[in-house]
Each structure stands twice: as C-alpha cells, then as structure tokens.
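Now for the letters of each chain:
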Amino acid sequence: MDFFIHWTIRGRVLKGGQRGVVSLVRPARRHYHWNQLCKRLNSPIMKHIRKPERLLKTFVFDVWICNVDRHGDNLIAYPKGNKYSFYLIDHGLALLGAMKWRRAPWYSPYWDEVAKYNRHYVQGLRSYIYSYQQLSPYVKQIQRIPKYKIKKIVKSIPSSILSYRKKKTIIKLLLSRQEYLHFIVHRWFAWNRTNGQLR
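Residues numbered from 1 in each chain as written. Predicted model: local features only at pLDDT ≥ 70, side-chain atom pairs only at ≥ 80, totals over all residues. Heavy atoms only, no water.

Here we look at helix H1 (residues 34-41)
Put simply, the rule reads: Exposure classes here rest on a 1.4 Å probe applied to the protein chains alone. A residue is buried below 20% of its type maximum, exposed above 50%, and partly exposed in between. Where helices and strands are cited, they refer to DSSP runs of H or I of at least four residues and of E of at least two residues respectively, numbered from the N terminus. The arc in question is traced by the directions running from the helix axis to the C-beta atoms. Should any heavy atoms of two residues lie within 4.5 Å, those residues are considered in contact.
Along H1, the residues classified as buried are Trp34, Leu37, Cys38 and Leu41. Mapping the buried residues of H1 onto a view down its axis gives an arc of 105°, with all of them on the same face. Where H1 is buried, its residues touch strand S3 (32-33), helix H2 (53-64), strand S4 (75-80) and strand S5 (83-88). Positive backbone phi, at 55°, marks Asn42, one or two positions downstream of H1.

Put into structure tokens, the structure is as follows:
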C-alpha cells in the first residue's frame, strides 16, 4: 500500500495542539516544485526525469484515491545524478477530502469520469502518454493488492485521526475503485485521445 509515498511518516505529530501527518524532505541540495523545474529546464521535462514511468504510476494511484488536486506545486523534484527524481506531497483533496470538496458521494458515477473532475495534470504527463498499455501495468499492480491488506491498513489508522464510519467509507471506496480501475483509467485515456489531449 505504500505504493508510492515513500517519504511520508504516519503517526502523531503535534503542532499547535493539532495532530497530523508530515512528509519529510528528501535530502538534496535543491528542491523544486514540478512547475519551477519545467520553467528552469526549458525543454520537455520527461527527458530530464529519472524513471519517468513513475509519473504514470502517480497518475494511476491518484485516480484510484480520487485525488482531485495533483498539480505541479505538490510534486517535488530534486537532482539525482544527472537527472531529477520526485516525490509527492499534499493528499488533502483525495479520498474523503475529494468527496467533501466536490460534494459527491464515493459511489457516485461522477468519480468514474476522471477527465471531468481532474484537469490539473502535471506538465509533461499527457504528452508522455500515447497508449493505454503504458498505464495498464500500474492499474494491475493496484488491482493485485489483496483486499485484506487494504482493510488492515485503513483500520490501523488511529481513531483520533479517522473515525470508524470514515474508515468503512474509505475501505468501500478503495475496494470498489480497485475492482473497476481498468475501466476508469481506460475511459480517461479514450476521452483524452478523442479530444486531442494526448499525442
């Protein structure tokens, strides 16, 4: 389940009396928001990214968790060798945060239409995708996560952070979207291809 967010610490963090989750900064001399790096490089960013397929993995993961707010300011890049790597921050408008923001319950057909609720794609993503087959391995990776693991991880979140009722809702959402993820992602690809958004 730590599908991609390697640098996030789960647990109790007290700041001004509030509990929350923090992300550690990856040790590097310099960090850039994705948009900053795009401007700095002044050329197609994917040529400069170490393992650019990780951006596809990020996209599929965000579709699974209904992240309505992935954009160039919450994807942090840093130098690694002669290229750049990146990590993710800010998942506040995913899962229940997305449902509240868009005022649509998790079971609404609205969430099957990614192109309608999420247009904040990071620069370079759509120009990098030319086939659904590029996304398919990451869809399958999520679909292979055993259901009991998803349930166990969600249930392990302290009740001071997430109530029993909210945990049940998140489990239903994740399991449902896991089952139909191939359909949801393929529909996004078809819509973008039809509307000239992909190369």
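Remarks on the sheet that holds S3
What counts is decided by this rule: Strands were regarded as paired on the criterion that DSSP finds at least two bridges between them. Lines fitted to C-alpha atoms define the axes here, with helix axes fitted over just the stretch in contact, and angles between the N-to-C directions of these axes take values from 0 to 180 degrees.
What the three strands build is an open sheet, ordered S3-S4-S5; its pairing is antiparallel. Bordering the open sheet on either side are S3 and S5, each of which pairs with just one other strand. Examined bridge by bridge, S4 and S5 share six bridges and lie antiparallel to one another. Across the sheet, the residue bridging to Pro79 is Tyr84, located in S5. Strands S4 and S5 of the sheet are contacted by H2, whose axis makes an angle of about 15° with S5.

Re the pairing of S4
Where S3 and S4 come together, two bridges link them in antiparallel fashion. Directly across from Tyr32, in S4, lies its bridge partner Ala77. Turn length for the S4-S5 hairpin, with the two strands adjacent in sequence and antiparallel, is two residues, and the turn residue Gly81 shows positive phi of about 65°.

Comments concerning helix H6 (residues 132-143)
Inclusion rule: The span expected for a helix works out to 1.5 Å for each residue beyond the first. N or O atoms within 3.5 Å of each other form a polar contact, as long as, within protein, one can give a hydrogen and the other can take it, and as long as residues adjacent in sequence are counted only when both atoms are side-chain atoms.
The first and last C-alpha atoms of H6 sit 16 Å apart over twelve residues, in line with the 16 Å expected at 1.5 Å per residue. Residues of H6 that are buried include every one of Tyr132, Gln134, Leu135, Ser136, Tyr138, Val139 and Ile142, and no others. Elements that come into contact with the buried residues of H6 comprise H2, helix H5 (125-128) and helix H8 (164-194). Where H6 begins, the capping side chain belongs to Ser131, and its oxygen is found 3.0 Å from the backbone nitrogen of Gln133.

Points about the nonpolar core
The criterion, for reference: The criterion is simple. A nonpolar core is a set of buried Ala, Val, Leu, Ile, Met, Phe, Trp, Tyr and Cys residues joined through side-chain atoms within 4.5 Å.
Ranked by internal contacts, the top residues of the largest apolar core, which has 55 residues, are Trp34, Trp64 and Trp188. The element that contributes the greatest number of residues to this core is H8, accounting for ten residues.

Quick notes on empty space enclosed by the protein
So the rule is basically this: Residues are called lining when one of their atoms sits within 4 Å of a cavity or pocket point, these points coming from a 1 Å grid over the protein atoms alone, where a cavity is a set in which a 1.4 Å probe fits but cannot get out and a pocket is an open set with protein on both sides within 12 Å along at least five of seven lines. Grid points are joined across faces, edges and corners, and a volume is the space filled by probe spheres set on the points. For this classification, Asp, Glu, Lys and Arg are treated as charged, while Ala, Val, Leu, Ile, Met, Phe, Trp, Tyr, Cys and Pro are nonpolar and the rest, including Gly, are polar.
A full pass over the atoms with the stated rule returns two cavities of 30 Å³ or more. In this structure, the largest cavity encloses a volume near 70 Å³. If you trace the largest cavity, you find it lined by Leu55, Thr58, Phe59, Asp62, Arg70, Asn118, His120, Tyr121, Val122 and Leu125. Looking at the lining of the largest cavity element by element, the count peaks at four residues for H2. Residue composition of the lining of the largest cavity, grouped by class: five nonpolar, three polar and two charged.

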